[in-house]
Amino acid sequence: YEICLSDWSSDVCSSDLMTTSPEEILRSLDNEDNGGVLRLEIAIKTLIEDSYLQPENQPQILLRAKELLEYLQVHDSTFSLERVNLLNEIEERLKE
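Residues numbered from 1 in each chain as written. Predicted model: local features only at pLDDT ≥ 70, side-chain atom pairs only at ≥ 80, totals over all residues. Heavy atoms only, no water.

**Brief notes about unusual backbone geometry**
We note that Asn 34 has phi near 55°; this positive angle belongs to a residue other than glycine. Relative to the helices and strands, Asn 34 is located in the loop between α2 (22–30) and α3 (36–53). (Helix = DSSP H or I, 4+ residues; strand = E, 2+ residues; numbered from the N terminus.)

**Some words on the packing of α2 against α3**
Interaxial distance between α2 and α3 falls to 8 Å at its minimum, and their mutual angle equals 120°. Judged by the twist between their axes, the crossing of α2 over α3 is right-handed. Between α2, through Ile 25, Leu 26, Leu 29 and Asp 30, and α3, the contact on the second element is made entirely by Gly 36, Val 37, Arg 39 and Leu 40. Looking at the contact of α2 with α3 residue by residue, the class counts come to 5 nonpolar, 1 polar and 2 charged. (Axes fitted to C-alpha atoms, helices over the stretch in contact; angles between N-to-C directions. Left-handed = near helix turned anticlockwise from the far one by under 90°. Contact = heavy atoms within 4.5 Å. Nonpolar A, V, L, I, M, F, W, Y, C, P; charged D, E, K, R; others polar.)

**Quick notes on the packing of helix α4 (residues 58–75) against helix α5 (residues 81–95)**
Between α4 and α5, the least distance of the axes is 10 Å, while the angle of their chain directions is 155°. What the angle tells us is that α4 and α5 run roughly antiparallel. The handedness of the crossing between α4 and α5 is left-handed. Where α4 approaches α5, its residues Gln 58, Pro 59, Leu 62, Leu 63, Ala 65, Lys 66, Leu 69, Glu 70, Leu 72 and Gln 73 are matched on the opposing element by Arg 83, Val 84, Leu 86, Leu 87, Ile 90, Glu 91, Arg 93 and Leu 94. (Parallel < 35°, antiparallel > 145°, perpendicular 65-115°, else oblique.)

**Some thoughts on the environment of Leu 87**
Along the chain, the position of Leu 87 falls in helix α5. In this structure Leu 87 comes out as buried when scored by relative accessible area, which is 15%. Residues Leu 87 and Leu 62, spaced 25 residues apart in sequence, show a C-alpha to C-alpha distance of 9.5 Å. Those residues within four positions of Leu 87 in sequence are excluded, and the remaining contacts are Lys 66, Leu 69, Glu 70 and Gln 73. (Buried < 20%, exposed > 50% of the residue type's maximum accessible area, 1.4 Å probe, protein only.)

**Description of α2**
Note on helix geometry: an α-helix contains 3.6 residues per turn, so any two residues three or four positions apart are oriented the same way. Among the residues making up α2, those that are buried are Pro 22, Ile 25, Leu 26 and Leu 29. Taken end-on, α2 shows its buried residues confined to a sector of 95°, consistent with a single buried face. The first or second residue beyond α2 is Asn 31, which carries a positive phi of 55°. (Arc of directions from axis to C-beta.)

Have a look at this one:
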């Protein structure tokens, strides 16, 4: 099972999200319009959804989603309450 995010010039699949560095993912998603941050947020939400569909891999998927969200928090100057809430959700689910 794999989900891919596509635009005119690149594809990023859920397997890439698990193995590729955050910098590489962002660079791949950025393109000419500098929309990589928004696309990476969508990709992270996709990972979180994947964690519900793949309970056997849930901890690894959630840890990776957390890592990517934390990367965005450090490298994007825009404050996002949604990101904070997603990080809190991940922390709660990892405690289960």
